[in-house]
Amino acid sequence: MGGRVNDAARGLHALGTYGYVHRTREWRQWQVALRAEPGLKPHRRTRALTLAARAESLVGDEFAAERYATEAIALSDAAGIDPPWGAIETKLVVSGDLRQDAAEYRRWWERGRQGAEASGQRYLQLLVDAARGIMLEAWDLAELVAHYERVRVEIRPTATPCSKR
């Protein structure tokens, strides 16, 4: 990647969704090479780690996904910024699906909600709100129903054109 590692990172991040949806071997190899570059800026490294976490989760390697998400979150914490939603989402998948740990799931959801609130991005806030009930055991049922009753009014209009209204 030479002296333009951060420019290369921008390009790879732009292709991130394509790479992890199509699970291309080349994309994963480029991501490994990118993370090995010492000149990569911290915010780009955090993004690369988050993309790697999501990709590994999609291919079923939850342990690698968790390692990358944990590293992305630690790097974000060290920089004093909220971690990317993708890293939090990976931790939710690991705590919910792999560990079946309701308390851990709730802690990660609350951390994600805090970051979404701080971002001011309403779509991200709704995305996090929608993920709340994925692990029902993490919540009191009445509390969960009340939550969805509050956000349903706002989530419903954002449904895709193919969904029933």
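Refer to the structure printed above.
Residues numbered from 1 in each chain as written. Predicted model: local features only at pLDDT ≥ 70, side-chain atom pairs only at ≥ 80, totals over all residues. Heavy atoms only, no water.

(A) Region of the structure containing the packing of helix 4 (residues 42–58) against helix 6 (residues 85–98). In contact at an axis separation of 8 Å, helix 4 and helix 6 are set at 30° when each is read in the N-to-C sense. When the axes of helix 4 and helix 6 are compared, the crossing they make is left-handed. Note on element contacts: helix 6 touches helix 4 through G86, A87, E89, T90 and V93, opposite T50, A53, R54 and S57. Grouping the constituent residues of the contact of helix 4 with helix 6 by class yields three nonpolar, four polar and two charged. (Axes fitted to C-alpha atoms, helices over the stretch in contact; angles between N-to-C directions. Helix = DSSP H or I, 4+ residues; strand = E, 2+ residues; numbered from the N terminus. Left-handed = near helix turned anticlockwise from the far one by under 90°. Contact = heavy atoms within 4.5 Å. Nonpolar A, V, L, I, M, F, W, Y, C, P; charged D, E, K, R; others polar.)

(B) How the structure looks around the environment of T70. In this structure, T70 sits in helix 5 (residues 62–79). Among the residues examined, T70 registers a relative accessible area of 37% and is labelled partly exposed. Between the C-alpha atom of T70 and that of A53, which follows or precedes it by 17 residues, the distance is 8.9 Å. (Buried < 20%, exposed > 50% of the residue type's maximum accessible area, 1.4 Å probe, protein only.)

(C) Representation of helix 6. End to end, helix 6 covers 19 Å across 14 residues, agreeing with the expected 20 Å (1.5 Å per residue, within 8%). Burial of helix 6 is extensive: 10 of the 14 residues sit out of reach of the surface. Within helix 6 the residues assigned to the buried category are W85, G86, A87, I88, T90, K91, L92, V94, S95 and G96. On its buried side, helix 6 packs onto helix 4, helix 5, helix 7 (102–119) and helix 8 (122–131). Downstream of helix 6 by a residue or two, Q100 has a phi angle that is positive, lying close to 55°. (Expected span 1.5 Å × (residues − 1).)

(D) Structural view of the packing of aromatic side chains. Per the stated rule, a full pass over the model turns up one aromatic pair. Summarising the aromatic geometry, the rings of W109 and W139 are spaced 5.2 Å apart at their centres and angled 85° between planes, so their arrangement reads as edge-to-face. Note that W109 is positioned in helix 7 and W139 in the loop between helix 8 and helix 9 (141–155), a separation of 30 residues in sequence. According to the relative accessible area criterion, W139 is buried, its value standing at 7%. Geometry around W139 places R132 over its ring, the cationic atom sitting 4.2 Å from the centre. (Phe/Tyr/Trp six-rings, centres within 6.5 Å; stacked < 30°, edge-to-face > 60°. Lys NZ or Arg CZ within 6 Å of the ring centre and 35° of its normal.)

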